[in-house]
Amino acid sequence: MTQIAPSLLACDFGNLEAEVCAVEAGGADMHHIDIMDGHFVPNLSFGLPVVEAIARAASIPLDVHLMIEPYEPYLDAFRDAGAHRIAVHVEASPHPHRALQAIRDMGLVAGLALNPGTPLETVMPLLNSVDQVVLMSVNPGFGGQRFIPETLERVAQLRSMIGDWSIDIEIDGGVGEGNARDLINAGATILVAGTSVFKAEDYGTAIAALRA
Ligand code: DX5
Ligand code: ZN
């Protein structure tokens, strides 16, 4: 079954604990947490103390998406802050293999994120070391952007490249009711949704609509 990961980037940070509880009550499978450094991506979000606060309020896994360069010095700190899954960008370091191993050695789920312009072939040598591929369906850095339609073809291609490997395909950016079904049919297993969940009147209805 498809898993839904609301992106807290779009939540009301003045009511962080209530927002965390509200999406959980609405049926979220994990919290997607976007860490931006103003260098790898042209925007800043939040850091470790906020992740710790989310972890204190949460009772489902934290899916941390690192849009930072370098990321190597911070992997332990995000584990300590409460991450269950950590995704690093393949474009952010020449040593993704080492990072994936380090994340797994910490007992966490190891994710590799690809920008929209990054060839899927980058993933092939890493299949044995990766648990989750995050295909960006917008250029990372901001919530509320328009879904890049070519992503659908990339999901299908990645699905056939992955074959029998048990690896999640997570789609991040501009995901909503209008494209969720196509993404799932193409092979996505986790959908990240910021705007389409947090700007909805009822989080539970929005989450159910993505799954359907
Ligand atoms: C973009 C982030 C996304 C973003 C998704 O850089 O990685 O996770 O929060 O937000 P929406 O769903 O609004 O595009
Ligand atoms: Zn993200």
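Located above this text is the structure these notes cover.
The shown structure was predicted, so the numbers you read here are calculated from the model rather than taken from an experiment.

Asks: Residue-level account of the coordination of the zinc ion (ligand 2), with values.
Replies: Protein coordination of the zinc ion (ligand 2) is provided by His32 (NE2), Asp34 (OD), His65 (ND1) and Asp172 (OD), with donor distances spanning 2.0 to 2.3 Å. In this structure, the zinc ion (ligand 2) is surrounded by 6 donor atoms whose angles at the metal cover 70 to 170°, and the resulting shape is octahedral. Each donor residue of the zinc ion (ligand 2) belongs to the same chain, and together they define the spacing H-x1-D-x30-H-x106-D. One end of the pair, Asp34, is in strand β2 (residues 31-36); the other, His65, is in strand β3 (residues 62-67), and 31 residues separate them in sequence. This pair shows no difference in class: Asp34 is buried, exactly as His65 is.

Asks: Give a detailed account of the packing of helix α1 (residues 16-25) against helix α2 (residues 48-57), specifying residues and quantitative values.
Replies: Helix-helix packing is described using two parameters, namely the angle between the two axes and the distance between the axes. Contact geometry of α1 with α2 gives a least axis separation of 9 Å together with a crossing angle of 50°. Classified by the angle their axes make, α1 and α2 are oblique. Relative to α2, the crossing made by α1 is right-handed. Of the residues in α2, those touching α1 at Leu16, Glu17, Val20, Cys21 and Glu24 are Val50, Ala53, Ile54 and Ala57. Within the contact of α1 with α2, the residues separate by chemical class into 7 nonpolar, no polar and 2 charged.

Asks: An account of the site of ligand 1 is needed here, citing residue identities and associated values.
Replies: Close to ligand 1 lie 20 residues; Asp34, Gly141, Asp172, Gly194 and Thr195 are nearest. Interatomic distance of 2.8 Å between a backbone N/O atom of Gly194 and an oxygen atom of ligand 1. Here ligand 1 has 380 Å² of accessible area as a free molecule, and 98% of this is covered by the chains. Only β2, β3 and β8 (190-193) provide two or more residues apiece to the shell around ligand 1. Broken down by element, the residue count for the shell around ligand 1 peaks at 3 residues, all from β2. Classifying every residue of the shell around ligand 1 gives 8 nonpolar, 10 polar and 2 charged.

Asks: Help me get a handle on the nonpolar core, residues and values and all.
Replies: Counting residues in each nonpolar core, the largest one holds 67 residues, and the members touching the most others are Leu66, Ile86 and Ile171. Sorting elements by how many residues they give to this core places β3 first, with 4 residues. Ala87, Val134, Met136 and Val138 belong to the second-largest nonpolar core, a separate cluster that totals 5 residues.

Asks: Account for helix α4 (residues 96-105), with residues named and values stated.
Replies: For α4, the set of buried residues is Pro96, Ala99, Leu100 and Ile103. Down the axis, α4 shows its buried residues gathered within 100° of arc, on one side only. Opposite the buried face of α4, at more than 90 degrees from it, the exposed residues are Arg98 and Asp105. Positive phi appears at Gly107, one or two residues downstream of α4, with a value of about 85°.

Asks: Account for the packing of aromatic side chains, with residues named and values stated.
Replies: Evaluated as defined, the whole model comprises 2 aromatic pairs. On the basis of an interplanar angle of 70° and a centroid distance of 5.2 Å, the ring pair of Phe198 and Tyr203 is categorised as edge-to-face. This pair shows no difference in class: Phe198 is buried, exactly as Tyr203 is.

What counts and what doesn't
- Residues numbered from 1 in each chain as written.
- Chains lettered and ligands numbered in written order.
- Predicted model: local features only at pLDDT ≥ 70, side-chain atom pairs only at ≥ 80, totals over all residues.
- Heavy atoms only, no water.
- Donors = N, O, S within 2.8 Å, 3.2 Å for Na, K, Ca; no water.
- Tetrahedral: all angles 85-135°; square planar, octahedral: opposite > 155°, others 65-115°.
- Helix = DSSP H or I, 4+ residues; strand = E, 2+ residues; numbered from the N terminus.
- Buried < 20%, exposed > 50% of the residue type's maximum accessible area, 1.4 Å probe, protein only.
- Axes fitted to C-alpha atoms, helices over the stretch in contact; angles between N-to-C directions.
- Parallel < 35°, antiparallel > 145°, perpendicular 65-115°, else oblique.
- Left-handed = near helix turned anticlockwise from the far one by under 90°.
- Contact = heavy atoms within 4.5 Å.
- Nonpolar A, V, L, I, M, F, W, Y, C, P; charged D, E, K, R; others polar.
- Near = heavy atom within 4 Å.
- Polar contact = N/O pair within 3.5 Å; in protein donor to acceptor, adjacent residues only side chain to side chain.
- Areas by Shrake-Rupley, 256 points an atom, 1.4 Å probe, with all protein chains shown as cover.
- Core = buried A, V, L, I, M, F, W, Y, C linked by side-chain atoms within 4.5 Å.
- Arc of directions from axis to C-beta.
- Phe/Tyr/Trp six-rings, centres within 6.5 Å; stacked < 30°, edge-to-face > 60°.

Treat this as a map of the structure, not an account of what it does.
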